[in-house]
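# Remarks on the overall topology
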Amino acid sequence: MKKLLVILSFIFVISGLCTKAVEVDNSDLVLRDYDGVELPTGTFIQVINLREFSTKYCDESTKVSFAARNDTFMQDMNLIPKGTIFHGFIEKMNEPIVGTNASMVVKIT
């Protein structure tokens, strides 16, 4: 019984020391040479769909995924690396009417 109490107290002391060592004060966190960069509206990003989707067999709220084909640079900074995955869903579908094709609006989140 005495050995069990010694082992448990040892575990509590060690775990208390570990949690104190892990705590980090983020209020003084300074990122070196980092300025936020905003991608301008209407920027063309080349992507390829990872799964085929069509108005023929998909409905609204179907999830879609795309992958970036190339690196997207702004000046010297690589904003979107090649292979970045974009997730989204079909927001709105327009059924075909005589004389027009079907269409859809895909929202990337």
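Conventions adopted
Residues numbered from 1 in each chain as written. Predicted model: local features only at pLDDT ≥ 70, side-chain atom pairs only at ≥ 80, totals over all residues. Heavy atoms only, no water. Helix = DSSP H or I, 4+ residues; strand = E, 2+ residues; numbered from the N terminus. Buried < 20%, exposed > 50% of the residue type's maximum accessible area, 1.4 Å probe, protein only. Contact = heavy atoms within 4.5 Å. Areas by Shrake-Rupley, 256 points an atom, 1.4 Å probe, with all protein chains shown as cover. Pairing = 2+ DSSP bridges. Axes fitted to C-alpha atoms, helices over the stretch in contact; angles between N-to-C directions. Core = buried A, V, L, I, M, F, W, Y, C linked by side-chain atoms within 4.5 Å. Patch = residues over 30% accessible without salt bridge, like charges linked within 9 Å, V, L, I, M, F, W, Y side chains within 5 Å. Salt bridge = Lys/Arg side-chain N within 4 Å of Asp/Glu carboxyl O. Lys, Arg positive; Asp, Glu negative; His and termini not counted. Charge placed at Lys NZ, Arg CZ, Asp CG, Glu CD. Phe/Tyr/Trp six-rings, centres within 6.5 Å; stacked < 30°, edge-to-face > 60°.

In terms of helices and strands, the protein carries one helix and six strands. Burial analysis of the protein (109 residues in total) assigns 12% to the buried set. Counted over contacts in the protein with a minimum sequence separation of 6, partners at least 24 positions apart contribute 37%. Surface accessibility of the protein: about 9700 Å² in total, with carbon and sulfur atoms responsible for 58%.

Overall, antiparallel pairing links the four strands, which are arranged S1-S2-S5-S6 in an open sheet. Either end of the sheet is taken by a strand with one partner, and the two such strands are strand S1 (47-49) and strand S6 (103-108). Taking each pair of neighbouring strands and ignoring which way they run, the sheet shows an average axis angle of 40°. Looking at chain direction, strand S2 (residues 63-68) and strand S5 (residues 85-94) are connected through five bridges and run antiparallel. Bridged to Ser 65 within S5 is His 87.

Let us now look at the nonpolar core. Core analysis: the largest hydrophobic core is formed by nine residues, namely Phe 53, Cys 58, Val 64, Phe 66, Ala 68, Ile 80, Phe 86, Ile 90 and Met 93. Listed by contribution, the elements that provide at least two residues to this core are S2 and S5.

A word on the environment of Phe 53. Looking at where Phe 53 falls in the secondary structure, it is placed in the loop between S1 and S2. Between the alpha carbons of Phe 53 and Lys 63 there is a distance of 9.4 Å; along the sequence they are 10 residues apart. Apart from the residues lying within four places of it in its own chain, the contact partners of Phe 53 are Cys 58, Val 64, Phe 66, Ile 90, Met 104 and Val 106.

What follows concerns a negative patch on the surface. A cluster of acidic residues, Asp 59, Glu 60, Glu 91 and Glu 95, forms a negative patch at the surface. Residue placement: Glu 60 occurs in the loop between S1 and S2.

Before going further, it helps to examine the packing of aromatic side chains. Taken as a whole, this structure holds one aromatic pair when the rule is applied. Arranged with centres 5.9 Å apart and planes meeting at 85°, the rings of Phe 53 and Phe 66 form a pair that is edge-to-face. Of this pair, Phe 53 sits in the loop between S1 and S2 while Phe 66 sits in strand S2, and the two are 13 residues apart along the sequence. Like Phe 66, Phe 53 is buried.

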